[in-house]
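Fold and geometry: a report
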Amino acid sequence: QVQLVESGGGLVQAGGSLRLSCAASGRTFSSYTMAWFRQAPGKEREFVAAISFNGGRTYYADSVKGRFTISRDNAKNTMTLQMNSLKPEDTAVYYCSADRTIVVVRTTPWDYDYWGQGTQVTVSS
């Protein structure tokens, strides 16, 4: 089992940047595929980015491709999401998640086993 804690959210103007972090407990962080999802008010939770267990593969939603970068440090049990050129439509609660399946990188929320509590990102126009 792994426990996840997000940090780094906040209020930023459009065009600005934020860096989200996810700290994981436990010794098996490197055994999980990791991902970021987000959920805006009144909308379903949507995929943002994912990274394979060893960091060798990354995947992005089309809406964030070229603006966001996902990375992980297995030695420090952390994952980050660097968000640049932020837009008002990026406003949402961002969640860190972990998937025990590592043979494939999945992008649907119901495939992920563990979740953090979320961190709010608000982008003003």
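Presented here is a report on the structure given in the accompanying data block.

Calculation criteria
- Residues numbered from 1 in each chain as written.
- Predicted model: local features only at pLDDT ≥ 70, side-chain atom pairs only at ≥ 80, totals over all residues.
- Heavy atoms only, no water.
- Helix = DSSP H or I, 4+ residues; strand = E, 2+ residues; numbered from the N terminus.
- Rg over C-alpha atoms; globule rule 2.2 N^0.38 Å.
- Buried < 20%, exposed > 50% of the residue type's maximum accessible area, 1.4 Å probe, protein only.
- Contact = heavy atoms within 4.5 Å.
- Areas by Shrake-Rupley, 256 points an atom, 1.4 Å probe, with all protein chains shown as cover.
- Lys, Arg positive; Asp, Glu negative; His and termini not counted.
- Charge placed at Lys NZ, Arg CZ, Asp CG, Glu CD.
- Pairing = 2+ DSSP bridges.

Further remarks concern the overall build of the chain. Tallying secondary structure elements over the chain gives zero helices and 11 strands in all. For the chain, the C-alpha radius of gyration of 13 Å lies close to 14 Å, the compact-globule estimate for 125 residues. Judged by the C-alpha coordinates and their principal axes, the chain covers about 40 × 25 × 25 Å. The buried share of the chain, reckoned over its 125 residues, is 43%. Look at the contacts in the chain between residues 6 or more apart in sequence, and 60% of them connect residues 24 or more apart. When the accessible surface of the chain is summed, it comes to about 6300 Å², and 48% of that surface belongs to carbon and sulfur atoms. Between the centroid of the 13 positive side chains of the chain and the centroid of its 10 negative side chains there is a distance of 5 Å.

Okay, the pairing of strand S8 (residues 78-83) next. Two strands pair when backbone bridges link them, and strand S3 (residues 18-24) and S8 are joined in this way by six bridges, in the antiparallel orientation. Opposite Leu-18, over in S8, you have Met-83 as the bridge partner. With six bridges connecting them, strand S7 (residues 68-73) and S8 associate as antiparallel partners. Bridge pairing links Thr-69 to Gln-82 in S8. Hairpin geometry of S7 and S8 is characterised by an intervening segment of four residues between the two adjacent antiparallel strands and by a positive phi of about 55° at Asn-77.

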